[in-house]
Every structure is written in structure tokens, then in C-alpha cells.
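Observations on chain architecture
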Amino acid sequence: MIVFLVRRIAAGLVLVLVIATTTFALMGLTGSDPVRQIVGQTATQQQVAAKSAELGLDQPMVVRYGHWLADAVHGDLGISWFSSESVTTSLANKLPVTLSIVLAALLLSAVLSTVLGVAAAVRRGVLDQLVQFLAVLGFAVPSFLVALVFAVVIGVHLGWLPATGYVPLADSAGGWLKSITLPALSLAVGAIAATAQQVRGSMVDVLRADYIRTLRSRGISERSLLFRHALRNAAPAALTVLALQFIGLVGGAVVVEKVFGLNGIGSQATSAGSQGDTPVVMGVVVVMVAIVVVVNILMDLAYGWLNPKVRVG
Amino acid sequence: MRRIALTAVSAVLMLSVAACGSGSGSGSGNAATGGTLTLAPVIAAQPWDLADAGLGNNAQYYQPVYDPLLRLSPTAEVKPNLATKWSYDAARTVLTLTLRSGVKFTDGTALDAAAVKANLLHTKGGSSEAAGQLTSISGVDVVNATTVAIKLSAPDPSLVPNLGNVAGMMASPKAITAGTLKTAPVGSGPYAMDKSATTAGSTYTFVRNPDYWNKAAFPFDKIVLKPLTDPTAVLNALRSGQINGALLASAKNVAPARSSGLNVTKYTSGDVEGVYIWDREGKIVKALGDVRVRQALNYAFDRSTIVKTAKQGLGKATTQIFNPAGSAFDSSLDSKYPYDPTKAKQLLAEAGYPQGFSVTVPDVSSVFPDQQAAMVQQLEDIGIKVKVDKIPPTQLISALLAGKYPLSYMTLASFRPWDTIQIEVAKSALWNPLHSEDPKVTDLITKAQSATGATQDALFKELNTYLVDQAWNAPWDSVESNYATTKGVTFTPQAFAAVPPIYNFKPAG
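Small disclaimer: the values here were computed from a predicted structure and weren't measured. Residue positions are counted from 1 within each chain, in the order its sequence is given. Each chain takes a letter, starting from A, and each ligand takes a number, starting from 1, following the order in which they are written. Where local features are concerned, this predicted model is filtered to residues with pLDDT of at least 70; where side-chain atom pairs are given and counted, the filter is 80 or more; whole-chain, interface and lining totals use all residues. Hydrogen atoms and water are omitted, and side-chain values are computed over all heavy atoms in the structure.

The next thing to look at is the overall build of chain B. Per the secondary structure count, chain B includes 16 helices and 21 strands. Compactness check: chain B gives a C-alpha radius of gyration of 25 Å against a globular reference of 23 Å for 509 residues, within 12% of the reference. Dimensions of chain B along its principal axes, counting C-alpha atoms only, are 75 × 75 × 40 Å. Exposure is judged per residue with a 1.4 Å probe applied to protein chains only, and the accessible area is read against the type maximum: over 50% gives exposed, under 20% gives buried, and values in between give partly exposed. Residues classed as buried in chain B amount to 59% of the 509 residues present. Residues count as neighbours in contact if any of their non-hydrogen atoms are within 4.5 Å of one another. Contacts in chain B between residues at least 24 apart in sequence constitute 68% of all its contacts with a sequence separation of at least 6. The method behind every accessible area is Shrake-Rupley, applied with a 1.4 Å probe, and residues are considered shielded solely by the protein chains displayed. Counting only carbon and sulfur atoms, one obtains 54% of the accessible surface of chain B, whose full area is about 18,300 Å². Charge separation in chain B, taken as the distance between the mean sites of 45 positive and 39 negative side-chain charges, equals 6 Å. Strands are runs of DSSP state E lasting at least two residues, helices are runs of H or I lasting at least four, and both sets are numbered from the N terminus onward. Within these notes, the globule rule equals 2.2 Å times the number of residues to the 0.38 power, and the radius of gyration is based on C-alpha atoms. The sign given to each residue is positive for Lys and Arg and negative for Asp and Glu; His and the chain ends receive no count. Here the site of a charge means atom NZ of a Lys, CZ of an Arg, CG of an Asp or CD of a Glu.

Following this line, the structure appears as C-alpha cells:
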């Protein structure tokens, strides 16, 4: 198990390095002119040149990457070219926003998709058809549309939950929950749809298996049969979908954060990307890839825990 | 079940970790109570160091903490502020300011002549738009604690009003020396940043500076700035009362804002958009060197229809690059080139281009799709073949400033007449990329630089009239903006400002 973990972590680090290098190269090759955007429309060419030198942009790309990498290894992700904020501090401010909505959406999808998937597989009939219909609908409607409807109807018209803004958990637990509910729900809709289908399919297959029939014939309670045996065997497939959903949710967060005016990693990534703010883009990319790697390792561990057959040495 | 439990536990753990790393911030906005004014700037905050400060929308960030030397009225008249008196010498190259005594920065440092000198030289040494407004300063002399003499390399008719904006704002010299201003502002303004209620990038909270000398001019106890870049998020935040005021960047949001009971005020933002002819001497496209061709371009555009359709009504048709609030503007010039494609074709034929000619313009369709379509169509209607050169939007400004294109659609900020001249008209101006020169233009600029009052205004008008006659550009409209406020708050628009300054906001009733 330890060897497996070490190997996965090493592979993860290589992945982070490869993606970081590619991103840096792409940022340099796009030919965007961040300095002109920083100094404004009316700054003189001398001011542009001075700013360029201040940011080190007069040095070759390889040298700049070397400096960035050396600093990054020591935990210093640099300074935003536009706001002069430390990228590390800025990520520490923004990561909680994105993680709050993504993880809440993941939690919602895990719980709701299991309930819906199991119910559809066990009850079948009208309920099954309804769940399948809702799943297709949930999958087809883009999250930005769901977000817009939620923000306007629940946030503005009904006034039940805030239409924009984020309250940190440290400030107020209730406020935090209120501020992330609509964004998380908007994000979760698609994930619930996809995962519920997977849970339903796996459960239907497992419930047909011989060992379930054998267990049932031995008089085991239906609840134990469903949750101790059937669901445990159906879970790995659903878990894989959920792990993939996590990556999708991080991508979806970009749009949802914009609609709800949340200053998370997603909105930061889009604005920094369009401005050509290389230090911020690099910081966001490294942190997000690292999170995805960690989630995947955790999912592998969970996979092994649920199904001893796949445990590897 | 264990799977669910595992997911739930890991999620809760990660959420707790996430929460621990968060800064504090105020999430619940206040309704307009008169106590707190919450505004949503549509752009992200720049560094707090004034050497890096931009103008336009950026000014709202600086106004709570930094007090300027002078104050501008809504019509941009210059009024005393930190400087109570100011006067030029006969040559107009030394500006002497008398400072208000007893003013202190929030770190206790005195605001005296030495502080003013440190600030002006520091901002001037920067590399942003505020620095650009101080380029004429050649030195600053401390005469005594409350008197400062600003020396200029040449007369600068815009300097005094510019000292009433970001370029004239004062930061603590102690903080300038310490180099801490980029992330933590220290000023002598009406408010001070409340760091415990500020999260960079999402919420900036400013509370009253108890020692401020002019509290009456700032009725709100607290100012909160929450940058929101998405027009839908802006509208939703306004409608749900989470913010009190914001620019409606999308004209589509005006009707929903009005029907939600918000006050929507339309005002001239100061930008002038349309076709800028960079190649007035025909260096790239020979035809453009002929005034008749440039006039033909002016007759080719149906300005009011462009404003109505491409701009959704947000603009005032004009033929002038000067701001309507400035003394160079002459409303009679706006009727100089009515939409007349026949006349345009006739002028082209007279100039020897009966079949038109070809021009290459940069692609601006990703940012201004409707404007680009209007430009291409109306130029082609008079026989000019337009080739659109695909370049990324981030390279547009550099390419234009490098003089790559003979003409293009563009929107440029238009401030006071002298600023516009310095930015767009003078031979060495940044936005005169092919360095067009005309002896009459140069002569009028030279005369206006040293003139004052009505004489100077008349010279500005004469220059503007000449530029319109010579069709130096083919502007379409002075851009208009819509600013929405909730019921409890009112504001007065400010001349030459993209958004109203915080001191123009008042609680309603």
C-alpha cells in the first residue's frame, strides 16, 4: 500500500511539473501584451518598457521559468502582475470559495444520486422512469442556465438566499451555508444526473447477481442486503464517475462563480488568463492540478477500501 | 453506506480546512441606510501604490483613502481641498500651492510640503496612467511647511485639474519609503481601510477616518467596494439590495434594472469611439493622405443608426474627438458630416478613387462585434474594400501604437482638451502612432499651451474645428454609460469621469 501511495504521489508530482511547464510555455507563446494592459491605454512607451523590466519580462522565457520554478519549489508562487497581491495569499483567499461550492456540490451529488439511483433500481416502474427522465434533463441543462434561474428566482425574486457574494465559514456558519447553497446546487444538478444513472445501472446489475439471490434465500434483511452487500459492490463504478465529476465540477465552477459574483479560483483563472497574468495563472494551475491528483489518490484509496480485490501492493 | 459516509467525512474535512484558510469579509450587503455605501466596481483593484494607479473606473478604489490636493466639482471646476490656494507664475511654469495645515495621515505623519513633494515625485516616477498626468513636472520645491512650488518643463493646462484626481492624491510618505503601499493603503482621506473586513479581490471595507477635516462632505459612515465583473451578477446584486450602486456594463440590463425599481442614470462617460484614421499623411494607404478621402469616410457613417443599433442607444452621435464637457467641444460641428454615401462616393471620385481602395484593419470582433460589422459594412457601401487582419485582442493596442494599421475602430478616453491634444493630436502623442503633423495644428497647440481662460478656450475650439474640417478621424459617438443605484442612494454624475466619485453619492431623502 505504501509503495502504491509513493508511486502515485511521484506520478502526481511529475504531472504537476509537466502541466506547469506547458502552461508557462503557452502563456509565453500567446503573444499577449500584459504590460500594456497593466499600465493602461495612455501610458507612454517608456513607461511600458520600465514596467516590462520591473516584471522581468525583458529576460528570456527559459530564465523566467527557472526563476518561477525555483521560487515555487520554496512555496513562493510570485506576485500578481496586475494587483501586486501575493499569489499564495490570493489563492488562500479564493480556494475556500471554490472548494466550498465544489465539495458541497460533490457531497450533494453523492447523497442525492445514491438515494435516487438506489430507489430507481429497487422500485423500478414509474419511479425508475421519472428518475431516468430527471437524469437526462439534469444532464442536458447547462449549469450556467441553472445558476441564472436559481439566482434570479430564488435569490432576487423570492429573496430566500443571497443572489451574489460569499461569506467565509469563519465569519458565520449560517451565512456561509446560505451563500454557497445556490451555487453548489447549480453545480450539482449535472453531477447528480450523471451519478444517479451510474448508481442505478450498477445496482440493477448487482441485484440480478446470483450471490444476491443466495443471500436473499438465506433470509437476510432487505436493508442489509441493499446497503451492506449490493450497494458496496455497485459503489466502485459510481465512485469513478464521482471522481471524474469532481474535475468537471471544478471546470463548471468557473461559470457558476461568475453568475453568483463569487471571487473564487474559477473566476480568477478566467480573468488572469485573459489578461495574461502569468504568476496567477501558474498558481491556479499548479494548485488545481495538485488538488485533482490528491482527489484521485483519495478515490483510489476509497476504491480499495470498498473492494479488497483491487487493493494493490 | 460506508461509501457515502466516506465521501461525507472527507468532504466535511476538506471544507473545514478550506474554511480555516479563508480571510474574513462581509458577505451580507446592507440596504441603503445612509450608514454604509456599497458599490460594485466593474474592474479589479490595482495596487494601492499611486505610482501604479490607473484612472477611470480605478479612481473609486482610491477615493476613500487618499485625499487629492484639489477637489473637482461635478462640472469639473477646480475647488480647494488639501491645497487651499494655488497660482501660476507669469511663464506658467511654476505652480505654487498653499497647503491646509494640521492635516495628518492615518499613521500620524504630517501632511506638509515635504509629503506633497515626495508624493508627486513618487507618482510621477511610476508607470501607469496617473504618472502620465504628471510628466510635465520637472521638480518640486518645498518653500516652507505649507507652501510647495511645482516646477514644469513647459506649461501644462491640465495639471491643476489633474491634481484634483488620482494624480494629485496623497499617500503617507512613511509608507512610500517603507514600500508597503502596494498592498496596504495609508492616506489622509475620509476613510481608512478596515483590514479585518477586507478580502483582497472580493471585499474592500473602509471606515471613517475620525481625524478627517471635511467629514460633512462624506455622509456615509462606511464604504464597501465589492468588485463584480459579470453584468448579470451586478444586476442580481443590485436587485437583491446587496449593493447600492454599480455601472450597468450591458445595455440589455437597463430595462430589467428600471422595472426592478432601481434608479438608472445615463451620463457621458468620456470615451469617444468610432473610426480613428491613423494614416492621415498616406504613409500606408496613399488615399488617406487626401482630405477628401478622409471626409468621404466621415460621410460614410450613419452615426445615429450605429448608436441606436450597435450601441443600443448608449452614445451621442458626434464628429469630434473632444469630450462634450470640455471647452474645445462645439455642438455645431456634429452636423458637419451627415450620413451621405452619395456625397462620400463623389468625394472619393474627385480624389481619384472612383473605384475606392483597400484598407487592412485589425480584428476587434471579439470585443466589439457590432461596431466592427457597422464599420466594415458602411465602408464597403462607399466602395472601400476592408480586409480584416486577425490579431488577438491582447495585441490590439500594441499593434495600433506601433503604427501597423492605417485606420481602425477604436474607443479612446477623452479628458480635458489639453489631455486629448497630448494623447491624440500632438506630433509626438502616443495615439498619433504615425506622427501626423500639420503646421496649423502645431501652431494652435503651441498658442493654446501658454494661453489662459477664454483665449485658451477659443484656441481649443479653433483647433477642434480645424481637425473636424480636415477629417483627422471619423468618430461616431461620445460613449454614454448607465449607472444604477438602489432607492436609498442618489448620486451626481461627474464630468470627465467613467464612474461617479464616492463624494458624489448621498443617502436619499
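Contacts between the two partners involve 64 residues from chain A, matched on the other side by 59 residues from chain B. Summed over both sides, the interface between chain A and chain B buries roughly 5,100 Å², with carbon and sulfur atoms accounting for 60% of that surface. Throughout, the accessible surface (probe 1.4 Å) given up by two parts as they are put together, summed over both, is called the buried area. Considering only the side of chain A, the residues that lose the most area to chain B are A:Gln41, A:Thr42 and A:Trp305, jointly responsible for 13% of the buried surface there. Whenever a carboxyl oxygen of Asp or Glu lies within 4 Å of a side-chain nitrogen of Lys or Arg, that contact is scored as a salt bridge. Remark: the boundary between chain A and chain B carries two salt bridges. Salt-bridge contacts for A:Lys51 lead to B:Asp52; the nearest nitrogen and oxygen are separated by 3.0 Å. We define a polar contact as two N or O atoms separated by no more than 3.5 Å, with the added condition that, inside protein, one atom must be a possible hydrogen donor and the other a possible acceptor, whereas residues neighbouring each other in sequence contribute only through side-chain atom pairs. For the interface between chain A and chain B, the tally reads eight residue pairs in polar contact (both at pLDDT 80 or more). For the side of chain A that touches chain B, the secondary-structure elements that each account for two or more residues are helix 2 (34–39), helix 3 (45–54), helix 5 (87–123), helix 7 (143–157), helix 8 (173–207), helix 10 (222–259) and helix 12 (278–306) of chain A. Among the elements that make up the side of chain A that touches chain B, the one with the highest residue count is helix 5 of chain A (11 residues). Looking at the side of chain A that touches chain B, its residues break down into 34 nonpolar, 21 polar and nine charged. As a working rule, the residues Ala, Val, Leu, Ile, Met, Phe, Trp, Tyr, Cys and Pro are called nonpolar, Asp, Glu, Lys and Arg charged, and the rest polar, with Gly in that last group.

Quick look at the packing of helix 14 (residues 417–425) of chain B against helix 15 (residues 439–450) of chain B now. Residue and element names in this part refer to chain B. Every axis corresponds to a line fitted to the C-alpha atoms, with the helix fit spanning only the stretch in contact, and the corresponding angles, defined between N-to-C directions, vary from 0 to 180 degrees. Two elements in contact, helix 14 and helix 15, have axes whose closest approach is 11 Å; the angle formed by their N-to-C orientations is 145°. In terms of crossing hand, the pair formed by helix 14 and helix 15 is left-handed. Across the interface between the two elements, Trp418, Ile421 and Val425 from helix 14 touch Val441, Ile445 and Gln449 from helix 15. Tallied by class, the residues present in the contact of helix 14 with helix 15 amount to five nonpolar, one polar and no charged. Rotating anticlockwise by less than a right angle from the far helix to the near helix defines a left-handed crossing, while the corresponding clockwise rotation defines a right-handed one.

As a further point, take the pattern of salt bridges. All names here are of chain B. With the rule as written, the count across this model stands at 22 salt bridges over all chains. A salt bridge links Asp67 to Arg71, with the shortest nitrogen-to-oxygen separation between them at 3.4 Å. For the pair Asp67 and Arg71, a shared accessibility class is recorded, and that class is buried.

Interpreting fine coordinate detail is not advised for predicted regions of low pLDDT. Looking at chain A, the pLDDT average stands at 87 and 97% of residues meet or exceed 70. Put simply, helix 10 of chain A is where chain A has its lowest mean pLDDT, 81, and helix 4 (residues 61–73) of chain A is where it has its highest, 94. The predictor attaches a confidence to each residue, and that confidence, scored 0 to 100, is pLDDT.

Moving on to the side chain of B:Asp52. Here B:Asp52 shows up in the loop between strand 1 (36–40) and helix 2 (59–62). We classify B:Asp52 as buried; its relative accessible area is 8%. Side chain to side chain, B:Asp52 and B:Lys182 meet in a polar contact 2.7 Å long. Sequence-distant contacts of B:Asp52, that is, excluding residues within four places in its chain, are made with A:Lys51, B:Gln46, B:Pro47, B:Tyr62, B:Ser127, B:Ser128 and B:Lys182.

Now for the pairing of strand 11 (residues 204–208) of chain B. All names here are of chain B. By the convention used here, strands pair only if DSSP detects at least 2 bridges between them. Summarising the sheet, strand 10 (residues 191–193) and strand 11 pair through three bridges and their orientation is antiparallel. Note on strand 11: the bridge partner recorded for Ala192 is Val207. Inspection of the sheet shows strand 11 paired to strand 12 (residues 222–225) by four bridges, in the antiparallel sense. Bridge pairing links Thr205 to Val224 in strand 12.

The next thing to look at is the environment of B:Pro362. Residues and elements named next belong to chain B. Its location among the elements puts Pro362 in strand 16 (residues 358–362). Taking the C-alpha atoms as reference points, Pro362 and Ala497, 135 residues apart in sequence, are found 28 Å from one another. Leaving out residues up to four positions away in the same chain, Pro362 has contacts with Gln372, Val388, Asp389, Ile391, Leu396, Leu400, Tyr405, Leu407 and Ser408.

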